[in-house]
Amino acid sequence: MAKGLDLSAAHILVTGGAGFIGSNFVHHLRREFPGARVTVLDKLTYAGNLANLDSVKDDAGYRFLKGDICDRDRVAEAMRDCDVVVNFAAETHVDRSIENAQEFLLTDTVGVFVLLEEARRVGVKRFVQVSTDEVYGEILSGEATEEAPLLARNPYAASKIGGDRLAYAYFATYGVPTIVTRCSNNFGPYQFPEKLIPLFVTNALEDKPLPVYGSGKNVRDWIHVADHCRAIVALLEADDTEGMTFNIAGGNERSVLEIAGAILAHLKKPATLLTHVTDRPGHDRRYAIDAARLARATGFQPSVPFEKGIADTIDWYVSRRDWWEPIRTGEFRHYYERTYGSR
Ligand code: NAD
Ligand code: TYD
């Protein structure tokens with residue numbers, strides 16, 4: 001077992017750092033650890049956006065590398081002299097995984113293998129595999145602890161199990177100091193507008209229908225992205241967390257209809273925008289996780305109250321049309337047409 005890390009002068013590789021949570025994590029590191037070096041490795045898929053990293057792009061101690069985590073040479077270049085790896089790189093959208101799972105398997109499973117091989121060779125001090133609470137499948141009552149069976153029901157979640165268990169296997173087999181985190185649904189700034197909250201906010205701002213899948217009674221636990229970032233840092237700084245898996249929960253169970261209602265109320269838009277559409281195949285009814293292990297190991301508790309977090313997030317999208325309008329007029333338009341056109 002090992003002492004926690006001092007991140008103040010560490011070199012941290014953030015893979016997937018141009019996406020939603022990764023870019024929030026980079027901003028968090030720049031603010032909290034200005035002496036740390038940060039390398040971002042990102043393939044810049046449809047979900048990766050350099051605009052998310054605009055404010056740090058000229059910082060000393062920050063570097064961006066475009067590349068695929070499945071590419072061994074690019075990964076070796078990115079991981080050179082690294083102390084810490086935090087892997088956010090993934091294909092992340094359930095509906096896209098239902099349409100075609102291939103990229104999910106490649107990035108979310110094989111890509112993690114490539115990263116772990118290089119981490120083993122380099123001898124990094126800690127490697128965080130950012131997994132998801134979706135690996136448990138739907139939790140109809142109670143809360144899943146880290147010992148609950150992994151009963152993923154969609155191709156995204158199944159692919160994430162591959163990376164999640166490989167990270168543990170590399171600890172158990174080779175002693176690579178991996179930590180696996182399983183967080184619940186994040187919300188906040190820079191989330192790609194295919195996910196529930198930014199999709200509904202941006203549709204409402206354009207007076208377009210909010211497509212509720214099925215009954216709208218499906219429940220997720222919601223956490224502000226800033227709290228997710230703080231929890232990961234707490235696990236890097238804590239003693240003896242390697243080889244362990246940690247749930248990260250927000251403690252805010254809300255149904256889709258409750259989320260949609262909050263968005264419409266905040267934007268003063270009519271409930272007539274709500275439209276029930278054909279349900280998602282294999283739609284998990286509820287996710288809920290027990291994060292007591294994380295609290296015991298680090299003392300971490302989420303700090304952003306849901307009502308404040310969602311209000312601030314909606315206001316961010318209201319004020320950042322410059323960020324989301326170009327996205328919604330690009331590839332996204334075709335995706336939207338395919339996914340919702342005849343639903
Ligand atoms: P996102 O889709 O916004 O960003 C993913 C990023 O990874 C993008 O910048 C993309 O360009 C990059 N990427 C994709 N494939 C790549 C590859 N092969 N090589 C290099 N880069 C690649 O995703 P997000 O919501 O920020 O999620 C980040 C991580 O957190 C993912 O691993 C996801 O499974 C996990 N997670 C997300 C949530 C959530 O609610 N968003 C909850 C729990 C866990
Ligand atoms: P999503 O943001 O895709 O995250 P998850 O990975 O948890 O599925 O969806 C969150 C919830 O919102 C989920 O129950 C599906 C539902 N949903 C809709 O009802 N309509 C939509 O257009 C989207 C994208 C999601």
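Please read all numbers here as calculations on a predicted model, not as lab measurements. (Residues numbered from 1 in each chain as written. Chains lettered and ligands numbered in written order. Predicted model: local features only at pLDDT ≥ 70, side-chain atom pairs only at ≥ 80, totals over all residues. Heavy atoms only, no water.)

(A) Up close: the sheet that holds strand β2 (residues 37-42). The seven strands lie next to each other as β3-β2-β1-β4-β5-β6-β10, forming an open sheet whose pairing is parallel. Sheet topology places β3 (62-66) and β10 (244-248) at the edges, where each strand pairs with a single neighbour. Between one strand axis and the next, the sheet turns through 20° on average, direction left out of account. Packed on one face of the sheet, helix α4 (residues 102-122) meets β1 (11-15), β4 (84-87), β5 (126-132) and β6 (178-183) and runs near 165° to β5. (Pairing = 2+ DSSP bridges. Helix = DSSP H or I, 4+ residues; strand = E, 2+ residues; numbered from the N terminus. Axes fitted to C-alpha atoms, helices over the stretch in contact; angles between N-to-C directions. Contact = heavy atoms within 4.5 Å.)

(B) Inspection of the sheet that holds strand β11 (residues 253-255) at higher detail. Read from one edge to the other, the open sheet built from three strands follows the order β7-β9-β11, with strand pairing classed as mixed. The sheet is open, and its two borders are formed by β7 (185-187) and β11, each paired with just one other strand. The average undirected angle you get between the axes of adjacent strands in this sheet is 50°. Bridge count for β7 against strand β9 (residues 219-224) is three bridges, and the pairing is parallel. The partner of Phe187 across the bridge, within β9, is His224. Lying on the sheet, helix α7 (residues 225-237) is in contact with β7 and β9; it crosses β9 at an angle near 70°.

(C) Main features of the site of ligand 1. Neighbouring residues of ligand 1: 28 residues in total, closest Ile21, Asp42, Thr92, Tyr156 and Lys160. Gly19 is positioned with one of its backbone polar atoms (N or O) 3.0 Å from an oxygen atom of ligand 1. Measuring from an oxygen atom of ligand 1, one finds a backbone N or O atom of Gly48 at 3.5 Å. Look at ligand 1: alone it shows 840 Å² of surface, and the protein chains cover 97% of it. (Near = heavy atom within 4 Å. Polar contact = N/O pair within 3.5 Å; in protein donor to acceptor, adjacent residues only side chain to side chain. Areas by Shrake-Rupley, 256 points an atom, 1.4 Å probe, with all protein chains shown as cover.)

(D) Structural view of the site of ligand 2. Neighbouring residues of ligand 2: 19 residues in total, closest Glu134, Arg220, Arg280, His283 and Tyr340. The backbone of Tyr213 places a nitrogen or oxygen atom 2.9 Å from an oxygen atom of ligand 2. His283 is positioned with one of its side-chain polar atoms (N or O) 2.7 Å from an oxygen atom of ligand 2. Its free accessible area being 510 Å², ligand 2 has 97% of it covered by the protein chains. Residue assignment for the shell around ligand 2 shows that the elements contributing at least two residues are α6 (196-205) and β8 (210-213). Its residues assigned to classes, the shell around ligand 2 shows ten nonpolar, four polar and five charged. (Nonpolar A, V, L, I, M, F, W, Y, C, P; charged D, E, K, R; others polar.)

(E) Quick peek at α6. Most of α6 is tucked away, with ten of its ten residues classed as buried. Of the positions making up α6, those classed as buried are Leu196, Ile197, Pro198, Leu199, Phe200, Val201, Thr202, Asn203, Ala204 and Leu205. Just downstream of α6, Asp207 is the residue with a positive phi angle, here 55°. (Buried < 20%, exposed > 50% of the residue type's maximum accessible area, 1.4 Å probe, protein only.)

(F) Region of interest: the pairing of β6. Where burial is concerned, most of β6 is hidden: six out of the six residues are buried. What you see with β6 is no split at all: Thr178, Val180 and Arg182 on one side and Ile179, Thr181 and Cys183 on the other are buried throughout. Here six bridges tie β5 to β6, and the two strands are oriented parallel to one another. Within β6, the position partnered with Ser131 by the bridge is Arg182. Where β6 and β10 come together, five bridges link them in parallel fashion. Among the inter-strand pairings, Thr181 is bridged to a residue of β10, identified as Phe246.

(G) Layout of the packing of helix α2 (residues 72-79) against α4. Running from N to C, α2 and α4 point in directions that differ by 45°, and their axes come no closer than 10 Å. By the criterion of interaxial angle, the relationship of α2 to α4 is oblique. For the element pair α2 and α4, the recorded crossing hand is right-handed. Between α2 and α4, the residues in contact are Arg72, Val75, Ala76 and Met79 and Val114, Leu115, Glu118, Ala119 and Val122, respectively. Looking at side-chain class alone, the contact of α2 with α4 contains seven nonpolar, no polar and two charged residues. (Parallel < 35°, antiparallel > 145°, perpendicular 65-115°, else oblique. Left-handed = near helix turned anticlockwise from the far one by under 90°.)

(H) Quick look at unusual backbone geometry. Backbone geometry at Tyr190 places phi at a positive 70°, although glycine is not the residue there. Inspection of the secondary structure puts Tyr190 in the loop between β7 and α6. If you check the backbone angles, Lys268 has positive phi at about 55° while not being a glycine. Mapped onto the elements, Lys268 comes out in the loop between α8 (256-267) and β12 (274-277).

(I) Focus on the nonpolar core. One finds Leu7, Ile12, Val14, Phe25, Val86 and Ile232 to be the most contacted residues of the largest nonpolar core, which totals 37 residues. Every element with two or more residues in this core is listed here: β1, α1 (20-32), β2, β4, β5, β6, α7 and β10. The biggest single contributor to this core is α7, with seven residues. Sequence-distant contacts of Leu7, defined by excluding residues within four places in its chain, comprise Ile12, Phe33, Ala36, Val84, Val233, Leu236 and Glu237. By size, the runner-up hydrophobic cluster in this structure holds 33 residues, among which are Leu205, Ile314, Trp316 and Tyr335. (Core = buried A, V, L, I, M, F, W, Y, C linked by side-chain atoms within 4.5 Å.)

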